[in-house]
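Residue-level structure breakdown
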Amino acid sequence: MKEILDSIYDRLKTIPGIGHIGEEQGQLYNITLSSFFPCILISIDAIEFGTLPGCRQTATIKLGITIADRSETHDIFGKKQPFTIYQLAEKVNNLLHGYETEKSGRLIRLRIEKNYREDRINEIKITYNSSYYDICGIPDNALFPTPTNINIES
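Described below are features of the structure shown in this document.

What counts, and at which threshold
Residues numbered from 1 in each chain as written. Predicted model: local features only at pLDDT ≥ 70, side-chain atom pairs only at ≥ 80, totals over all residues. Heavy atoms only, no water. Buried < 20%, exposed > 50% of the residue type's maximum accessible area, 1.4 Å probe, protein only. Helix = DSSP H or I, 4+ residues; strand = E, 2+ residues; numbered from the N terminus. Arc of directions from axis to C-beta. Contact = heavy atoms within 4.5 Å. Salt bridge = Lys/Arg side-chain N within 4 Å of Asp/Glu carboxyl O. Pairing = 2+ DSSP bridges. Phe/Tyr/Trp six-rings, centres within 6.5 Å; stacked < 30°, edge-to-face > 60°. Lys NZ or Arg CZ within 6 Å of the ring centre and 35° of its normal. Core = buried A, V, L, I, M, F, W, Y, C linked by side-chain atoms within 4.5 Å.

Here we look at helix H1 (residues 2-12)
For H1, every residue scored as buried is listed here: Ile-4, Ser-7, Ile-8 and Leu-12. Across the axial projection of H1, the buried residues extend over an arc of 135 degrees, all falling on one side. Along its buried surface, H1 packs onto strand S1 (20-23), strand S2 (39-52), strand S3 (56-70), helix H2 (84-96) and strand S5 (121-135).

Written as structure tokens, this is what we have:
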């Protein structure tokens, strides 16, 4: 799981001008740093498991990407720039929608939600669905041992 999250993190780091990228831990409700914005926060909202033969599991992941910025975003001339949060959300989605790793299926966008806040922070959350499978800590050869002495007589 960590490899998948690290891969998504590395991909998001390619977006220029982001103040912070990290794990969602409630930071948006206790903000003191102005250099924090704009930010992208990653969370695993839910994982549902299914069982396959041989101590294997499938997992369906709901991954949340929260994008936040102050509502008073201005350009270099001091002019207010409208809809910058949506432009940033589009950049994030262009990087993640359809993205897959060796260990996971493609990220498929499920929904985009806008959170209206009183503290003048624009916040959008994009939820993606993905899947992967896992073996429960037992090596494959222990689950399905290969016979060592096979005699075939015809």
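A closer look at the pattern of salt bridges
Inspection of the entire model under this criterion finds seven salt bridges. When the shortest N-O distance is used, the salt bridge between Asp-10 and Lys-13 registers 3.7 Å. Residue Lys-13 is classed as partly exposed on the basis of its relative accessible area, which comes to 48%. Of the charged contacts in the structure, one is a salt bridge between Asp-119 and Arg-117, with a shortest N-O distance of 2.5 Å. Of the residues examined, Asp-119 reaches a relative accessible area of 37% and is grouped as partly exposed. One salt-bridge network, in which partners are shared between bridges, spans Arg-117, Asp-119 and Glu-123.

With respect to the pairing of strand S4 (residues 108-115)
Alignment of S4 against S5, held across seven bridges, turns out to be antiparallel. Residue pairing for S5: Ile-112 is matched across the bridge by Ile-126. Between S4 and S5, which pair antiparallel and follow one another directly, the connecting turn spans five residues, one of which, Arg-120, has a positive phi of 65 degrees.

A closer look at the packing of aromatic side chains
Applying the stated criterion across every chain yields a total of one aromatic pair. Geometrically, the ring pair formed by Phe-36 and Phe-37 is edge-to-face, given 5.4 Å between the ring centres and 85 degrees between the ring planes. Against the face of Tyr-116 rests Lys-114, its NZ or CZ located 5.3 Å from the ring centre. Of note, Arg-117 hangs over the ring of Tyr-29, and the distance from its end group to the ring centre comes to 4.8 Å.

What to know about unusual backbone geometry
The peptide bond linking Phe-37 to Pro-38 adopts the cis configuration, its omega dihedral lying at -10 degrees. The residue Pro-38 is located in the loop between S1 and S2 in this model.

Thoughts on the nonpolar core
Ile-8, Leu-12, Ile-40, Ile-65, Ile-67, Val-92 and Leu-96 are the most contacted members of the largest nonpolar core, which has 24 residues in total. Those elements that provide at least two residues to this core are H1, S2, S3, H2 and S5. If you look at the next biggest cluster of nonpolar residues, it comprises seven residues, including Leu-28, Phe-36, Cys-39 and Ile-121.

Concerning the environment of Ile-15
Assignment of secondary structure puts Ile-15 in the loop between H1 and S1. We classify Ile-15 as buried; its relative accessible area is 7%. In the structure, Ile-15 is positioned 76 residues away from Lys-91 in sequence and 7.6 Å away in space, judged by C-alpha atoms. In this structure Ile-15 touches Ile-40, Leu-88, Lys-91, Val-92 and Leu-95, once residues within four positions along its chain are discounted.

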